Amino acid sequence: MQFRDLQRQYLALKEEIDQALCATAASGRYIMGNAVAILEEELARYVGVRHCITCANGTDALTLALKTLNIGAGDAVFVPDFTFFATAEVVALEGATPIFVDVCEDTFNISATSLEEAIKAVEQEGVLSPRAIIAVDLFGQPADYPALSEIARRHKLLLIEDGAQGFGGTIGKQRACSFGDIATTSFFPAKPLGCYGDGGAVFTNNNQWAETIRSLRLHGRGVEKYDNQRIGLNSRLDTIQAAILQVKLKAFIQHELTDIQTAAERYSSLLKDIDGIALPNVPEGYGSSWAQYTLRLESETQRDTLKENLAKAEIPSMIYYPRTLSEQTAFAKTKKYITTPTAHRLTKTVLSIPIHPYIKKEEIKEVAEKIQRSFHPAV
Ligand SMILES: *Cc1c(COP(=O)(O)O)cnc(C)c1O
């Protein structure tokens, strides 16, 4: 069994993907070919925003957003302490300071209460200028944007959605990658919508920002090719990845998103009565795109035992994430304004189990049975 079976997906979509690959090879337009602009329109329409600008990866997408918003030295950017490294890395790379904020135990996403506490701590110190919040849609579930937008408005902060894992999630009828001022996503192969290499995108309704992002991804280019107006990046999505993503987006919309939601519901109904396991909680009105199906155990020992028992049965599982951002060596010298006890506890107790749109009913049953047996060996 695979953790996320991308080969099974390829076999299901093989005919169309092979055709897309060959058509790109034959086109001779490997950089910024037609597929790129068409994909951007399709993505913007699906997400429900005016502009989608693709780029080389999800990390660059965040960097493009920060550069567009002029965030740099002396600025404070609030990030959840429990996420992938890139969310805070880009802040430091731009010379700004990441402020680590605690998360909610049940949704894994940035906590509004902890965010208020962190903003107050930075304001009281009076050294950094609070500028932005980067909220992450961890494991496929959108962060609490209604609460976060209200906090951002009250403190005059920009709100960035890091939707690298969130593509396809919803709050009410609104889709992920449309929340906040600017949103970003990643097309890394294992994300909800993945390509066959690296890729990413930025989403916004702001015309002027969209124009700046389009310039920044092409070395800060002006109207003419050799007119460079700002310092930018070389960060484009390859035509070949755009062509693959057109096929994959169609499958994602047609059935993959509902298939993975069905898989998650199956897990939840099979695992719900096991004492000592907390299941992922999707609040009322929210929809997850299930980048991960993540269990919470009661202790580190229980988590590690379950992981070992699954490994013995040849079932892969992953610890996302074994370390908080504030514990990373790279941030050893970065000031910690508040404590993040929930993020720390989660690093000891979480375990993600296999899930993807092509997982079979029998495979879900097998994983659930092995988990059950790990808790009740006599059964
Ligand atoms: C994967 C990921 C990124 C970075 O995306 P890449 O395409 O790998 O650069 C950023 N933030 C989060 C939360 C991610 O999961």
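Here, every reference points to the structure presented above.
Per chain, residues are indexed from 1 in the order of the written sequence. The predicted origin of the model limits local features to residues at a pLDDT of at least 70 and limits the giving and counting of side-chain atom pairs to 80 or more, whereas totals for whole chains, interfaces and linings rest on all residues. Only heavy atoms go into the side-chain values, all of them from the structure, while hydrogens and water stay out.

Novice: Account for unusual backbone geometry, naming residues and giving values.
Specialist: Excluding glycine, most residues fall at negative phi; most peptide bonds, likewise, are trans. Of note, the bond from Y320 into Y321 is cis; its omega dihedral lies within 30 degrees of zero at 5 degrees. Numbering of helices and strands runs from the N terminus, with a helix taken as a DSSP run of H or I at least four residues long and a strand as a DSSP run of E at least two residues long. Note on placement: Y321 falls in the loop between α9 (300-312) and α10 (341-349). With a phi close to 75 degrees, C177 is a non-glycine residue in the positive phi region. Mapped onto the fold, C177 is located in the loop between β7 (174-175) and β8 (182-186). The phi dihedral of H219 is positive, around 60 degrees, even though this residue is not glycine.

Novice: An account of the pattern of salt bridges is requested, with residue identities and associated values reported.
Specialist: Whenever a carboxyl oxygen of Asp or Glu lies within 4 Å of a side-chain nitrogen of Lys or Arg, that contact is scored as a salt bridge. Applying the stated criterion to the full structure yields 15 salt bridges. Here K250 makes a salt bridge to E16, at a shortest N to O gap of 2.7 Å. Here K250 is found in helix α8 (residues 239-271), whereas its partner E16 is found in helix α1 (residues 6-27), with 234 residues between them in sequence. Under the relative-accessibility criterion, E16 is labelled partly exposed at 35%. For the salt bridge of K67 with E94, the shortest nitrogen-to-oxygen distance reads 3.1 Å. Of this pair, K67 sits in helix α3 (residues 58-68) while E94 sits in the loop between α4 (86-93) and β3 (97-101), placing them 27 residues apart in sequence. Residue class for K67 comes out partly exposed when judged on its relative accessible area of 26%. Three or more residues joined by partner-sharing salt bridges are found here, namely D5, R8 and E363. Three labels apply to residues, based on accessible area from a 1.4 Å probe with only protein chains included: buried if under 20% of the type maximum, exposed if over 50%, partly exposed otherwise in between.

Novice: An account of the sheet that holds β8 is needed here, citing residue identities and associated values.
Specialist: In this scheme, strands are said to pair when DSSP sees at least two bridges between them. The strand order β1-β9-β8-β5-β4-β2-β3 describes an open sheet built from seven strands, whose pairing is mixed. This sheet does not close on itself; its edge strands, each paired only once, are β1 (51-55) and β3. Adjacent strand axes in the sheet meet at a mean angle of 25 degrees when their direction is disregarded. Alignment of β1 against strand β9 (residues 200-204), held across five bridges, turns out to be antiparallel. Pairing of H51 across the sheet is with T204, part of β9. Only heavy atoms matter for contacts: two residues are in contact if any of them lie within 4.5 Å across the pair. Simply put, an axis is a line fit to the C-alpha atoms, just over the touching stretch for a helix, and the angle between two N-to-C directions goes from 0 to 180 degrees. The strands that helix α7 (residues 207-216) touches are β1, β5 (158-162), β8 and β9; relative to β1, the one it contacts most, it runs at about 15 degrees.

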